[in-house]
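Breakdown of the fold
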Amino acid sequence: MATTADFRNGMCIEYNNQLYFIVEFLHVKPGKGPAFVRTKLKNVKTGKVIDNTFNSGVKVNEARVEHRQYQYTYKDTTGYHLMNTETYEEIILDETQIPNADLMKEGENIQVLVHAETETVLTAELPVNMVFEITYTEPGVRGDTSSTTSLKPATIETGATIMVPLFVSTGDKIKVDTRDRSYVERVK
């Protein structure tokens, strides 16, 4: 059992018989009345974010979550096949369990979050920054500068489309933030 004083971002709690991640929280002590905690909770299964207010000191069940290292091997009609790097066991996840699944490259290591008591897979997390090669983008126009204010679509090696600055061309390697699919920098 944990109390509202133990809340931290990324903590997994059981609320209304479902598992939620705490996205953000704020302890509030008004001048009049009891203290409370405002939270944004993300449902593990649906990904829906809800706002909730807890009275200060309320006890909640903290779900034990383990981070396990898996390697992405391949995708077929049944889903994405991942292999545990320690035990070599294989699991199959569907696209809803992997945010930005179209950014995964074969052989890439990813973190899989597993509910410790039930051994069920909750979600998978890609590395924050990944390097990709541009397979196609429209050529730049004379006068394009290195400013990132103007963007154009570019197809990367996995087939996903990313918005990149105008100076990026086919064959360049770029670093992408996998959380929001944004261009970070060009890689030499």
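These remarks concern the structure in this document. On a predicted model such as this, the values are computed, not experimentally measured, just so you know.

As enumerated under the stated definition, the model contains nine salt bridges in all. Ionic pairing is found between Arg68 and Glu119, a salt bridge with its closest N-O pair at 3.0 Å. Here Arg68, found in strand S7 (residues 65–76), pairs with Glu119, found in the loop between strand S10 (109–115) and strand S11 (120–125); they are 51 residues apart in sequence, far enough to count as distant. Glu119 gets classed as partly exposed once you look at its relative accessible area, which sits at 44%. Residue Asp177 is joined to Arg179 by a salt bridge in which the shortest nitrogen-to-oxygen separation is 2.9 Å. In this structure Asp177 comes out as buried when scored by relative accessible area, which is 11%. It is possible to trace a salt-bridge network through shared partners that takes in Glu66, Arg68 and Glu119.

Below, the discussion takes up the sheet that holds strand S8 (residues 79–84). Read across the open sheet, the five strands follow the order S9-S8-S7-S10-S11; overall the sheet is antiparallel. Looking along the sheet, the strands with just one partner apiece sit at the ends: strand S9 (90–93) and S11. Adjacent strand axes in the sheet meet at a mean angle of 40° when their direction is disregarded. Two elements, S8 and S9, share four bridges in a ladder whose sense is antiparallel. Note that in S9 the partner of His81 across the bridge is Ile92.

Looking now at the environment of Glu62. Tracing the backbone shows Glu62 in strand S6 (residues 59–62). With 50 residues separating them in the primary sequence, Glu62 and Cys12 have C-alpha atoms 6.1 Å apart. Among the polar contacts made by the side chain of Glu62, one reaches the side chain of Arg8 at a distance of 3.2 Å.

Alternating positions in strand S13 (residues 151–156) separate cleanly, Lys152, Ala154 and Ile156 being buried on one face and Leu151, Pro153 and Thr155 remaining unburied on the opposite face. Alignment of strand S12 (residues 129–137) against S13, held across three bridges, turns out to be antiparallel. Paired with Tyr136 across the bridge in S13 is Thr155. Pairing of S13 with strand S14 (residues 161–165), which is carried by five bridges, proceeds in the antiparallel orientation.

With antiparallel pairing, the six strands of this open sheet are ordered in space as S1-S6-S2-S3-S4-S5. Two strands in the sheet have a free side with no partner beyond their single neighbour: strand S1 (2–3) and strand S5 (49–55). By the bridge criterion, eight bridges tie strand S3 (residues 18–28) to strand S4 (residues 36–43) in an arrangement that is antiparallel. Note that in S4 the partner of Val28 across the bridge is Phe36.

In this model, Tyr88 sits at a positive phi of 65°, which is unusual for a non-glycine residue. Here Tyr88 is to be found in the loop between S8 and S9.

Looking now at the packing of aromatic side chains. Taken as a whole and judged by the stated rule, the model has four aromatic pairs. Ring geometry for Phe7 and Phe54: centres 5.5 Å apart, planes at 80°, overall edge-to-face. With Phe7 in the loop between S1 and strand S2 (12–15) and Phe54 in strand S5, this pair connects stretches of sequence that are 47 residues apart. Residue class for Phe54 comes out buried when judged on its relative accessible area of 6%. Grouped by ring-pair contacts, the aromatic residues Phe7, Tyr15, Tyr20 and Phe54 constitute a single cluster. Taking the ring centre of Phe132 as reference, the NZ or CZ of Lys105 above it sits at 5.2 Å.

Reading guide: rules and limits
- Residues numbered from 1 in each chain as written.
- Predicted model: local features only at pLDDT ≥ 70, side-chain atom pairs only at ≥ 80, totals over all residues.
- Heavy atoms only, no water.
- Salt bridge = Lys/Arg side-chain N within 4 Å of Asp/Glu carboxyl O.
- Helix = DSSP H or I, 4+ residues; strand = E, 2+ residues; numbered from the N terminus.
- Buried < 20%, exposed > 50% of the residue type's maximum accessible area, 1.4 Å probe, protein only.
- Pairing = 2+ DSSP bridges.
- Axes fitted to C-alpha atoms, helices over the stretch in contact; angles between N-to-C directions.
- Polar contact = N/O pair within 3.5 Å; in protein donor to acceptor, adjacent residues only side chain to side chain.
- Phe/Tyr/Trp six-rings, centres within 6.5 Å; stacked < 30°, edge-to-face > 60°.
- Lys NZ or Arg CZ within 6 Å of the ring centre and 35° of its normal.

Everything listed here is a matter of geometry and, on its own, says nothing about what the molecule does.
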